[in-house]
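Geometric and topological summary
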Amino acid sequence: MSSNSARAAAQPPASTPAEPTLGASSCGVEYDASSSHKKRSDSHKNLAYGSPSLVTCSGSFPQVGSTLGPFFCLGQLGKGTFSSIHKSIHMSNLSVAAAKVELESFQQSGVLDQEAILLDFLHKNTPKGTVPKYYGYYKATATSNASALSTAAPSSIDFSSKLPFHQKEQQPPQQFAALFMEYLAGSDMHQLRDALPSNLTTRRMTIEDAVYLCASVFLPLLKNVHAVGVVHRDVKPSNVVRAISKTSNQHDKEFSLVDFGLSKSIIVHRQSPLADHSHPWPDGQAWLNPDESATTATANLSEATLSSPSSPAAACVRVPRDRAEFRGTSMYASLRVHQLQDYSFRDDIWSLMYVFCDLVSGGLPWMSHAAHRDRLACQQLKELVHGLSNASATELLGTASGQQPDQTELLLMGDEYHVAKFKRDQQLAKVGFNEEKVTITLPEPLALYKDSKRIGLLREVFAHLATLGFGDMPDYDLVERCLRGFADNDIIIHRLPEVSSIRWDDKPAESPHFRRRNFRSLLGTDRTTPQWELVDEPKVEHELFKNIDESELDKKSNPMMRLPLEFRFRYEQVGYHASHPLSVPPHVALRDWINVVLPLIYGEWNTPKYEGGNRTLTDGMRRDLYLELLRKCDYWLKQFGSFRNPACYFVTDVDKGGIGDQHSSNGAENATPVPKRRKVETERGKTSMFVNVSRAIRGLEIKLQEEARKRPAPAVRMSFGR
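Residues numbered from 1 in each chain as written. Predicted model: local features only at pLDDT ≥ 70, side-chain atom pairs only at ≥ 80, totals over all residues. Heavy atoms only, no water.

A separate point is the overall build of the chain. Looking only at helices and strands, the chain features 19 helices and 22 strands. Here the chain holds 722 residues, and 52% of them are scored as buried. Considering only contacts in the chain between residues 6 or more positions apart, those separated by 24 or more positions represent 72%. Here the chain displays about 34,000 Å² of accessible surface, and carbon together with sulfur accounts for 50% of that area. (Helix = DSSP H or I, 4+ residues; strand = E, 2+ residues; numbered from the N terminus. Buried < 20%, exposed > 50% of the residue type's maximum accessible area, 1.4 Å probe, protein only. Contact = heavy atoms within 4.5 Å. Areas by Shrake-Rupley, 256 points an atom, 1.4 Å probe, with all protein chains shown as cover.)

This is the structure:
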């Protein structure tokens, strides 16, 4: 949207009445959904990637029911070391998104800024589906004049006047930031393995499934990311997530690479003092060019650009650092990373081979040490496996210096053996290394342990990776060939204990897809209230608002938070539309407005629950929250011009005998647009839009008059202890 349009969208028409007691709702900038579907071409060059959009918010994002820009938070999906992931829904286009938020102890660290740059860049410059769609990076600063508002769910109602004086003091401004991306409804590889029925006793997958996940899924994803100069640096099963198709099973076995919090681009401009001119970047190939002089991620935001493909050898791989900090996960990090060598493309593939051995055998020799966060023990066991003693950063695996016979076969012994070995070693240490006092016996390793063919395939890959320098690209064809070699049907396969295969046709219990809604009251009462939906338009699924934990919300200070979550979403939706009248189609604004009004004027208002205090359903006194909601709906109605725009009720179509038809009967070059009445579905079937809108407007007017005439409710009695 242009800047002029943005300013116009943020300002109500001149004839719009003054804002009532309720404050402005939600955000102040428009979200452009089309940004997630831009054509991948040279049009992206010289663009800033991951630039944050400054928006407004309500509540404390990512609290359930809070908003940040156009997104409404539905609850937490997961939590990691540095950040948490939250399901959100866009209030305009109804797309479901995953919001990544830094944990409080890591806020303002700049990590999320860098991840936004990388995700935006990768989304626009890698094949479709390689990474989740980038929806935007939003930041907001919120100030609160009341403690109730600082912890409130999204509500435009100012309840600070009802708080004690000492709670009205100005609070320090809160900073909110979130990276929004496509919500992937499927399971990650780790969850797929844990869901197998046979994995109650073992972590092992079938060889066919392990080969598919690593050779057909993980390896191509890493190759796509490497092709634009980015190293992931945290390769593990949980960072590859399955995408679920809306319409068919065609994409049910497709995955996307996620979590770029540790990722880096290792490509720099050829004129950089860090450029390694012996490793020029291929001409015309995309690369991310952050400003090398910047000292913080925030300073890099405006400098993240795509180089011009027409410039010959415009970039090079940067020179490696002499010593780097450990990054990644101890379970899957490469030996080079443990030895503090700089992370490069080879290390991602090295980690992938560990992932494959973990999936195909059920575990790795250092799995128990990784679970106990013993990084040094993990390094020592990896050195044992690869035949390399603890060496300096300049030594290469496979050279004479520090070389010992490798024990690659340890990677295929199985999880039962490795866990038992760890427990036995612990017991042995406790009894003073007296073998006679050890009671734990080791189980028989998997037959793969003695399979010279498959052990040879692993050796071939690790030997290849050992020869690569920092700027060298792995031989992806060699890696794929060796992985697929594991699937050869031979006698060893039949000696392995049977495990379950992945059920690719199983769908997750929860899905973001939109289905036909069941008509019911949004206010949670038994009474069925009139509601409507536009036919052939996206619809909000009720399941999105079920089973969400709201126990941490402060419902005492802010009555708005006592209302059902779906109603609060609808309410915030209309507030967002009102703040952006030029960015939402009139018929969509009408649909969302009427679905807030109808429950209020036809539903049963639960006075004791929503108003609080000692109120009853039949006390006959004014319901303050209810009245404020009615007034807000009336204010929105006037903002939208009482929905007199014909586009609310008609869609302009073209007669089939028209545009481009030289053989039409009238011979006209262009057909006259023919307006068609929009189709609306209610609980009574398809009915007239005009009748429904007229009834809603009149009903709102009557309810406002009735409620305003009631006498105010008495103040809540306060008791003091002796």
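With that settled, consider the pattern of salt bridges. Per the stated rule, a full pass over the model turns up 28 salt bridges. In this structure, the salt-bridge partner of Asp619 is Arg615, at a minimum N-O distance of 2.6 Å. Judged on exposure class, the residue Asp619 and its partner Arg615 are both buried. (Salt bridge = Lys/Arg side-chain N within 4 Å of Asp/Glu carboxyl O.)

On to the packing of aromatic side chains. Evaluated as defined, the whole model comprises 20 aromatic pairs. Seen from their ring centres, Tyr354 and Trp366 are 5.1 Å apart, and the 70° between their planes marks the pair as edge-to-face. In this pair, Tyr354 sits in helix α8 (residues 345-361) while Trp366 sits in the loop between α8 and α9 (367-371), placing the two residues 12 residues apart along the sequence. These aromatic residues form a ring-pair network of at least three members: Phe61, Phe71, Tyr138 and Phe180. If you follow Arg623 out to its NZ or CZ, it ends over the ring of Tyr626, 4.3 Å from the centre. (Phe/Tyr/Trp six-rings, centres within 6.5 Å; stacked < 30°, edge-to-face > 60°. Lys NZ or Arg CZ within 6 Å of the ring centre and 35° of its normal.)

One recurring pattern in soluble globular proteins: nonpolar side chains tend to sit buried together. Phe218, Phe255 and Phe486 are the most contacted members of the largest nonpolar core, which has 83 residues in total. Here this core gets 12 residues from one element, more than from any other, and that element is helix α5 (residues 207-226). By size, the runner-up hydrophobic cluster in this structure holds 39 residues, among which are Leu627, Cys633, Cys648 and Ala696. (Core = buried A, V, L, I, M, F, W, Y, C linked by side-chain atoms within 4.5 Å.)

Attention now goes to unusual backbone geometry. Only a minority of non-glycine residues have a phi that is not negative, and only a minority of peptide bonds are not trans. For the peptide bond that leads from Phe61 to Pro62, omega is 15°, which places it in the cis range. You can see Pro62 is positioned in the loop between β2 (57-58) and β3 (67-68). The phi torsion at Leu94 lies on the positive side, around 65°, for a residue other than glycine. Within the fold, Leu94 resides in the loop between β5 (83-90) and β6 (96-102). In this structure Leu94 comes out as buried when scored by relative accessible area, which is 2%. In this structure, Arg233 is a non-glycine residue whose phi angle is positive, near 75°.

Okay, the environment of Tyr476 next. Relative to the helices and strands, Tyr476 is located in helix α13 (residues 476-485). Along the primary structure Tyr476 and Ile349 are separated by 127 residues, whereas in three dimensions their C-alpha atoms are 8.8 Å apart. When neighbours within four sequence positions are excluded, Tyr476 is seen to be in contact with Leu219, Lys223, His226 and Ile349. Side-chain polar atoms of Tyr476 contact the side chain of His226, separated by 2.7 Å. (Polar contact = N/O pair within 3.5 Å; in protein donor to acceptor, adjacent residues only side chain to side chain.)

Of all the residues in α13, the buried ones are Tyr476, Leu478, Val479, Cys482, Leu483 and Gly485. On the buried face of α13, the contacting elements are α5, α8 and α12 (452-466).

To continue, consider the sheet that holds strand β13 (residues 267-269). Pairing in this open sheet of three strands is antiparallel, and the strands run β13-β17-β14 from one edge to the other. In the strand order of this sheet, the two ends are held by β13 and β14 (275-280), each with one partner. The sheet shows a mean angle of 60° between the axes of neighbouring strands, taken without regard to direction. (Pairing = 2+ DSSP bridges. Axes fitted to C-alpha atoms, helices over the stretch in contact; angles between N-to-C directions.)

All right, on to the sheet that holds strand β4 (residues 71-79) then. Spatially, the eight strands line up as an open sheet ordered β1-β7-β8-β6-β5-β4-β3-β2, and their pairing is mixed. Single-partner strands in this sheet number two, and they are β1 (53-54) and β2. Across two bridges, the pairing between β2 and β3 is antiparallel. Note that in β3 the partner of Ser58 across the bridge is Thr67. Sheet contacts for helix α2 (residues 111-125): β6, β7 (134-142) and β8 (174-182); angle to β7, the most-contacted strand, approximately 155°. Against the sheet, helix α15 (residues 565-579) makes contact with β2, β3, β4 and β5, and its axis sits at roughly 130° relative to β4, the strand it touches most.

All right, on to the state of the cysteines then. Going through the model one piece at a time under the given rule, you end up with zero disulfides. Free cysteine Cys357: the closest other cysteine sulfur is in Cys214, separated by 8.8 Å. (Disulfide = S-S within 2.5 Å.)

The residue Phe470 is located in the loop between α12 and α13 in this model. Using a relative accessible area of 9% as the deciding quantity, one classes Phe470 as buried. Each C-alpha atom of the pair Phe470 and Val317 lies 8.6 Å from the other, and the pair is 153 residues apart in sequence. Sequence-distant contacts of Phe470, defined by excluding residues within four places in its chain, comprise Ile266, Val317, Arg318, Val319, Pro320, Asp342, Tyr343, Ser344 and Arg346.

Turning our eyes to something else, we now look at the environment of Lys703. Summarising the element assignment, Lys703 is placed in helix α19 (residues 689-709). Counting along the chain gives 101 residues from Lys703 to Tyr602, while the straight-line C-alpha distance between them is 9.7 Å. Discounting residues that sit within four places of it in the chain, Lys703 has contacts with Ile601, Tyr626 and Leu630.

Each regular strand carries side chains that alternate between the two faces of the sheet. By the criterion of burial, β5 is predominantly enclosed, with seven of the eight residues buried. Here β4 runs beside β5; their pairing, made up of seven bridges, is antiparallel. Following the sheet pairing, Lys79 is matched in β5 by Ser84. Where β5 meets β6, seven bridges bridge the pair, whose relative direction is antiparallel. Within β6, the position partnered with Ile89 by the bridge is Val96.

Where helix α16 (residues 586-602) contacts helix α18 (residues 624-639), the axes come no closer than 11 Å and their chain directions differ by 145°. Seen along the crossing, α16 lies across α18 with a hand that is left-handed. Of α18, the residues touching α16 (which contributes Trp593, Val596, Val597, Leu600 and Ile601) are Tyr626, Leu629, Leu630, Cys633, Trp636 and Leu637. (Left-handed = near helix turned anticlockwise from the far one by under 90°.)

It is the contact of α15 with α16, at a shortest axis distance of 9 Å, that shows an interaxial angle of 140°. Here α15 lies oblique to α16, going by the angle between them. Considering the relative orientation of α15 and α16, their crossing is left-handed. For the pair α15 and α16, the contacting residues are Phe567, Arg570, Tyr571, Gln573, Val574 and His577 in the first and Val588, Ala589, Arg591, Asp592, Trp593, Asn595, Val596 and Leu600 in the second. Looking at the contact of α15 with α16, its residues break down into eight nonpolar, three polar and three charged. (Parallel < 35°, antiparallel > 145°, perpendicular 65-115°, else oblique. Nonpolar A, V, L, I, M, F, W, Y, C, P; charged D, E, K, R; others polar.)

What follows is about the confidence of the model for the chain. Residues at a pLDDT of 70 or more form 73% of the chain, whose mean pLDDT is 78. A low-confidence stretch, residues 1-46 stays under pLDDT 50, and its non-local contacts, those more than four residues away or across chains, total 90 contacts. Per-residue pLDDT stays below 50 along residues 144-168; that stretch engages in 69 contacts with residues further than four places along the chain or on separate chains. (pLDDT = per-residue confidence, 0-100.)

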